[in-house]
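Report on the structure
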Amino acid sequence: MQEMAREQWQSRLGFVLAAVGSAVGLGNVWKFPYMIGQNGGSAFVLVYLLCILLIGFPILVAEWLIGRRGQKNPVNTMTEVALKEGQSASWGVVGAMGVLAAFLILSFYSIIGGWALKYIGSTATGAFTGLDGAATGAIFDTFLADFNGLLLWHSLFMLATMAIVALGVSWGLELASKWLMPALFVILVFIVGYGAVYGDFAQAARYMFTPNWSLINADVVLAALGHAFFTLSLGMGIMLAYGSFLGREVNLLKTAGIVLGLDTFIAILAGLAIFPIVFGNQLTPSAGPGLIFISLPIAFGALPAGALIGGLFFVLLSFAALTSAISLLEPVVELLEERTRLKRIQATVIAGLVIWGVGIASILSFNHWSDIKLIKGMGVFDTLDYLTSKFMLPLTGLAIIIFTGWFMRQEAVREDLELSVSGFKLWQILARFIAPVALLIVFLHGVGLFGS
Ligand code: TRP
């Protein structure tokens, strides 16, 4: 009896680590702060928190619930669970769109992963010692203009991701996350402390948390919604696939609460680490994707042990990026393996090389192709981010929550969620009405099909 209990606890811990490993990544530390900066500060933060609670939470639970029933890859899971519920097999399309999104996201995610790798060395060797914001900004700009440099680091990051997926050693990384994630947390807290002493912490807190409703508009809401999906790894079947490892004994609602809480906590902490430095050094919050690579080096260059701490920070960020990247490559490889005759290693090499190649277009958009604009005046990198975060992930999420709320036998869903009748009423209000309706309104608004 005691044995059993311990085993269950361990399996749940392993699962939480894997899920948090996928969720916590560049989305929290790199993307969240610059999205805040580009979308009006607190307006974005507040809408983002609402999106996490009202939309992200039920969809995370729904993905695990379906995944635990299906026990297969995302496409087959959706197809089979739909058939079992007496619904059409075409629900499998939902899983397929997710895999396409993973493919596209990884192509640009790997580039930022490469930036993190590159900054390990720059920081550790003291390249930023004593520099101000103008100087760290100039270093970053020079780096962006250097096509060969970006290509090298993108290639290294992709290679590391491919090696781990090919060897199937992701369990080792889960083990590592047990130590590295808390370490990342400690360093973030340390940087928050630095910002509180040397930066403008008060203005940062005001910027992130003082409600300013007038700044909320359709673009901000769509950005916040898209980011809620991105940061929780939702809408592309990752959590669906992870759900297949979940035992019956794991309480989905509680576990979702833990993953969501940790992910949000790390993101907010990253914001509190970066903005005091941004405001203390007269940097612009809306600087875009380079924000953390311009602001944090100032702190690392100013402190006595800054080179060491900064180097360690980028090591940990690279690991967080790697655990997320693995979760992006895995479904693409799995699908290839199951649908073709390719072996795991071959499938990984082929998928990895194609994704790497597509990534080159994003690299070019930072230098040689900086004048080429695709949609809404955005270059390749921003367009890929836009299409995936704001279109594909929310659409897949919408399908998943509608399926769970309206097309599955509700009594069985209630049992899966271990809810009382009245608790389940609440869940149904969320899953059947609030989440899908909010998702639909935000989405139609954002793409400009509905009002303005
Ligand atoms: N959630 C990760 C991050 O915040 C990125 C990521 C990993 C992701 N897997 C995903 C995003 C699946 C969307 C879908 O960095």
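Residues numbered from 1 in each chain as written. Predicted model: local features only at pLDDT ≥ 70, side-chain atom pairs only at ≥ 80, totals over all residues. Heavy atoms only, no water.

1. Quick look at the overall build of the protein chain
If you tally the helices and strands in the protein chain, you get 18 helices and zero strands. Rg of the C-alpha trace for the protein chain: 21 Å, near the compact-globule value of 22 Å for 452 residues, within the 12% margin. Along the first, second and third principal axes, the C-alpha set of the protein chain runs to 65 × 55 × 50 Å. Evaluated residue by residue, the protein chain yields a buried proportion of 57% over its 452 residues. Of the contacts formed within the protein chain by residues at least 6 apart in sequence, a portion of 80% connects residues at least 24 apart. For the protein chain, the exposed surface amounts to about 18000 Å²; the carbon and sulfur share of it is 68%. When the 23 basic and 24 acidic side-chain charges of the protein chain are each reduced to a single mean position, those positions are 6 Å apart. (Helix = DSSP H or I, 4+ residues; strand = E, 2+ residues; numbered from the N terminus. Rg over C-alpha atoms; globule rule 2.2 N^0.38 Å. Buried < 20%, exposed > 50% of the residue type's maximum accessible area, 1.4 Å probe, protein only. Contact = heavy atoms within 4.5 Å. Areas by Shrake-Rupley, 256 points an atom, 1.4 Å probe, with all protein chains shown as cover. Lys, Arg positive; Asp, Glu negative; His and termini not counted. Charge placed at Lys NZ, Arg CZ, Asp CG, Glu CD.)

2. Details of the nonpolar core
Ranked by internal contacts, the top residues of the largest apolar core, which has 157 residues, are Trp64, Trp115, Phe313 and Leu417. Counting residues per element, this core draws most heavily on helix α12 (residues 252–280), which supplies 17 residues. Beyond its immediate sequence surroundings of up to four residues, Leu417 is in contact with Val61, Leu65, Leu252, Leu253, Phe424 and Trp427. (Core = buried A, V, L, I, M, F, W, Y, C linked by side-chain atoms within 4.5 Å.)

3. Considering the packing of helix α5 (residues 92–124) against helix α15 (residues 344–364)
Each pair of packed helices gets described by two things: the angle between the helix axes and the distance between those axes. It is at 8 Å that the axes of α5 and α15 come closest, and there the two elements cross at 60°. Accordingly, the angle class assigned to the pair α5 and α15 is oblique. In this structure, α5 crosses over α15, and the sense of that crossing is right-handed. Within the contact between the two elements, α5 uses Phe103, Leu106, Ser107, Phe108 and Ile111 and α15 uses Val354, Ile355, Val358, Gly359, Ser362 and Ile363. (Axes fitted to C-alpha atoms, helices over the stretch in contact; angles between N-to-C directions. Parallel < 35°, antiparallel > 145°, perpendicular 65-115°, else oblique. Left-handed = near helix turned anticlockwise from the far one by under 90°.)

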